[in-house]
Amino acid sequence: MLNSVARFIEKHQLLSSQHRYIAALSGGADSVCLLLMLRELGYTVEAVHCNFQLRGEESNRDENFVATLCQQMGITLHRVHFDTRSYSELHKLSIEMAARQLRYRYFEQLRQDLGAEAVCVAHHRDDSVETVLMNLLRGTGIHGLVGIRPKNGHIVRPLLCLSRQQIEDYLRAKGQPYVTDSTNLVDDVMRNKIRLNVLPLLRHIAPAAAENIQLAAEQLAEAEKIYNEYAISMLTSLVHNDSIEIKELRNTVSADTLLFEWLRGYDFTPATIRQIKEMLDRPTTGRVWHSPTHEVLIDRGHLVVEPRQPLPPTLRVPEPGTYVYDKEQRFRFTTTSEVVIERSAACACLDAQKVDFPLTIRPVQEGDRFVPYGMKGSKLVSDFLTDRKLSLFARRRQLVVTNAAGNIVWLVSQRPDARFCIGPGTTQMLKITLFSV
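What you are looking at is a predicted structure, and each value in this text was computed from that prediction instead of being measured.

This part takes up the overall build of the chain. The secondary structure content of the chain amounts to 14 helices and 21 strands. Taken over the C-alpha atoms alone, the chain extends approximately 100 × 50 × 40 Å along its principal axes. When the 437 residues of the chain are sorted by exposure, 44% land in the buried category. Looking at the chain alone, contacts between residues at least 24 apart form 67% of all its contacts between residues at least 6 apart. Of the side chains in the chain, 53 bear a positive and 50 a negative charge, and the two mean positions are spaced by 4 Å.

Structural data, given as structure tokens:
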């Protein structure tokens, strides 16, 4: 078994004798086996134990066991206590997810503080098989069916080549005790249900079930490399400015796959991506879907992705001067008797006597109308922007400047209102200029 672990470490280039490592040590069989094997293989290692304070006296028992073990082995131990329940409630997370976030955040902090190369965790083959089955039940794609990876950033898993039974056999041969987390013996969460009920049944049906599932996951991991290379190559040619032409996407070998790979990077769920797929045959301009971080829009035969942003603010302008609107834009309002029209999209030259302060800079609102310069009669701003072929995202960001009566005097960077423009009788000009910060 020790030779198997050594070969696995070498195959995946997980560890080096030249570096320091941290071993996550809970006191359970897996982590105790990990610590013993790393020491026996000659690696420089320190241990870290997290007390999540969830199991009362049992949590303290585990910490005491770990402290005694490290003292006997002459291994430096780092300990941390977490108020996991409070963190879970504060961040609205499950206890399991809260503990995971706390654990891995501390691991990385400790790794940096110690100058360690990586943190070793004791996931084994059965853990990987459980993960495959969980992801299969959740309807995941190919990425979820490759199981637990041997290396993920600064987290390495040297024991993935061993089963739980092999780990227990190793400890028994060494005469090494360990502790048992009683919560792992209750089939209350999905992983425990699979571990305690599903896997034993699968082994009854096929004794090599776990080994074969892991073998299939490893084969999928190799196939995933080809899959990723194809997806990256195709998306590089399809995506332009966070936009894909739907017709081009549909003409690819697998539009569904490419859409999934593109949008999952923006935190869209598989269920939402399936809804978007169903719209590709009948794309409706203006349809929008949301993820926690982004939005995707169908716009004139294209899918467009953009980060979710708050609505632009409203700013009151009491008198001429320079005003910072947001972190990217500022406006300058100046009055002058020199009436010279500046033909720039970033500038509006208006008749100062027709424009009453205070002015307001705000986003476009539903029902806004104005009289576009060069046209007769009023027009809905939404129709004007649609005619200009602006996307829904751009229309939502569109700003207007209104006068004291609430009338639009400038559709910013688009068109001034004809009622307030300079005419033959203008003696004083109001110049509004937009600057990028």
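Another point: helix α11 (residues 255–264). Note on helix geometry: an α-helix contains 3.6 residues per turn, so any two residues three or four positions apart are oriented the same way. Of all 10 residues making up α11, 7 are buried, and the element is well covered by its neighbours. Looking only at α11, the buried set comprises Ala 255, Leu 258, Leu 259, Phe 260, Glu 261, Trp 262 and Leu 263. On its buried face, α11 is in contact with α9 (209–238), β7 (243–245), α10 (246–250), α12 (270–278), β9 (294–299) and β10 (302–307).

Before going further, it helps to examine the pairing of strand β18 (residues 399–402). Covered by surrounding structure in β18 are Leu 399 and Val 401 together with Val 400 and Thr 402, the residues of both alternating faces. Across 4 bridges, the pairing between strand β15 (residues 359–363) and β18 is antiparallel. Along β18, the bridge assignment pairs Pro 363 with Leu 399. With 3 bridges connecting them, β18 and strand β19 (residues 408–411) associate as antiparallel partners. Looking at β19, one finds that Val 400 is bridged to Leu 411. Adjacent in sequence and paired antiparallel, β18 and β19 are bridged by 5 residues, among which Gly 406 carries a positive phi angle near 90°.

Turning our eyes to something else, we now look at the pattern of salt bridges. Counting across every chain of the model gives 27 salt bridges. Between Glu 46 and Arg 20 there is a salt bridge, with its nearest N and O atoms 2.6 Å apart. Linking Glu 46 in strand β2 (residues 44–51) with Arg 20 in strand β1 (residues 20–24), this pair joins segments that are 26 residues apart in sequence. Taking the relative accessible area as the measure of exposure, Glu 46 reaches 11% and is therefore buried. Here Arg 20 falls in the partly exposed class, since its relative accessible area comes to 34%.

The geometry of helix α2 (residues 29–40) relative to helix α7 (residues 164–174) is characterised by a closest axis approach of 10 Å and an angle of 65° between their N-to-C directions. Pair α2 / α7 crosses with left-handed handedness. Contacts from Ala 29, Asp 30, Val 32, Cys 33, Leu 36, Met 37 and Glu 40 of α2 reach α7 at Arg 164, Ile 167, Tyr 170, Leu 171 and Lys 174. Looking at side-chain class alone, the contact of α2 with α7 contains 8 nonpolar, no polar and 4 charged residues.

A few words now on the packing of aromatic side chains. Tallied over the entire structure, the rule returns 9 aromatic pairs. When the centroid spacing of 6.4 Å and the interplanar angle of 85° are considered together, the rings of Tyr 21 and Tyr 43 count as edge-to-face. Here Tyr 21, found in strand β1, pairs with Tyr 43, found in the loop between α2 and β2; they are 22 residues apart in sequence, far enough to count as distant. Since its relative accessible area comes to 3%, Tyr 21 is described here as buried. Looking at Tyr 43, the relative accessible area reads 16%, which means it is buried. By the ring-pair criterion, three or more aromatic residues cluster together here, those being Tyr 323, Tyr 325, Phe 331 and Phe 333.

Before going further, it helps to spend a moment on α12. Buried residues of α12: Thr 272, Ile 273 and Ile 276, and no others. The buried residues of α12 occupy an angular sector of 100° when the element is viewed end-on, so they sit on one face. If you follow the buried residues of α12, they end up packed against α11, β8 (288–290), β9 and β10.

Another point: the nonpolar core. Side chains that are nonpolar tend, in soluble globular proteins, to be buried together. Ranked by internal contacts, the top residues of the largest apolar core, which has 38 residues, are Leu 15, Leu 25, Leu 35, Met 37, Leu 38, Leu 159 and Leu 171. Elements supplying a minimum of two residues to this core: α1 (2–12), β1, α2, β2, α3 (57–73), β4 (118–120) and α7. Other than its neighbours up to four places away in sequence, Leu 25 contacts Ser 31, Val 32, Leu 35, Ala 47, Val 48, His 49, Val 66, Leu 69 and Cys 70. Among the nonpolar cores identified, the runner-up in size contains 23 residues, and Ala 231, Ile 246, Tyr 266 and Leu 303 belong to it.

Now for unusual backbone geometry. In the segment running from Phe 357 into Pro 358, the intervening peptide bond is cis, with an omega of 0°. With respect to the secondary-structure elements, Pro 358 resides in the loop between β14 (347–351) and β15. Even without being glycine, Gln 53 reaches a positive phi, approximately 55°. Relative to the helices and strands, Gln 53 resides in the loop between β2 and α3.

What follows concerns the sheet that holds β19. Hydrogen bonds along the backbone pair up the strands of a sheet, which may run parallel or antiparallel. The strand order across the open sheet formed by 5 strands is β11-β15-β18-β19-β20, and the pairing between neighbours is antiparallel. The two strands at the open ends of the sheet, each matched to only one other strand, are β11 (315–317) and β20 (415–416). Where β19 and β20 come together, 2 bridges link them in antiparallel fashion. Directly across from Trp 410, in β20, lies its bridge partner Pro 416.

Definitions and limits used
Residues numbered from 1 in each chain as written. Predicted model: local features only at pLDDT ≥ 70, side-chain atom pairs only at ≥ 80, totals over all residues. Heavy atoms only, no water. Helix = DSSP H or I, 4+ residues; strand = E, 2+ residues; numbered from the N terminus. Buried < 20%, exposed > 50% of the residue type's maximum accessible area, 1.4 Å probe, protein only. Contact = heavy atoms within 4.5 Å. Lys, Arg positive; Asp, Glu negative; His and termini not counted. Charge placed at Lys NZ, Arg CZ, Asp CG, Glu CD. Pairing = 2+ DSSP bridges. Salt bridge = Lys/Arg side-chain N within 4 Å of Asp/Glu carboxyl O. Axes fitted to C-alpha atoms, helices over the stretch in contact; angles between N-to-C directions. Left-handed = near helix turned anticlockwise from the far one by under 90°. Nonpolar A, V, L, I, M, F, W, Y, C, P; charged D, E, K, R; others polar. Phe/Tyr/Trp six-rings, centres within 6.5 Å; stacked < 30°, edge-to-face > 60°. Arc of directions from axis to C-beta. Core = buried A, V, L, I, M, F, W, Y, C linked by side-chain atoms within 4.5 Å.

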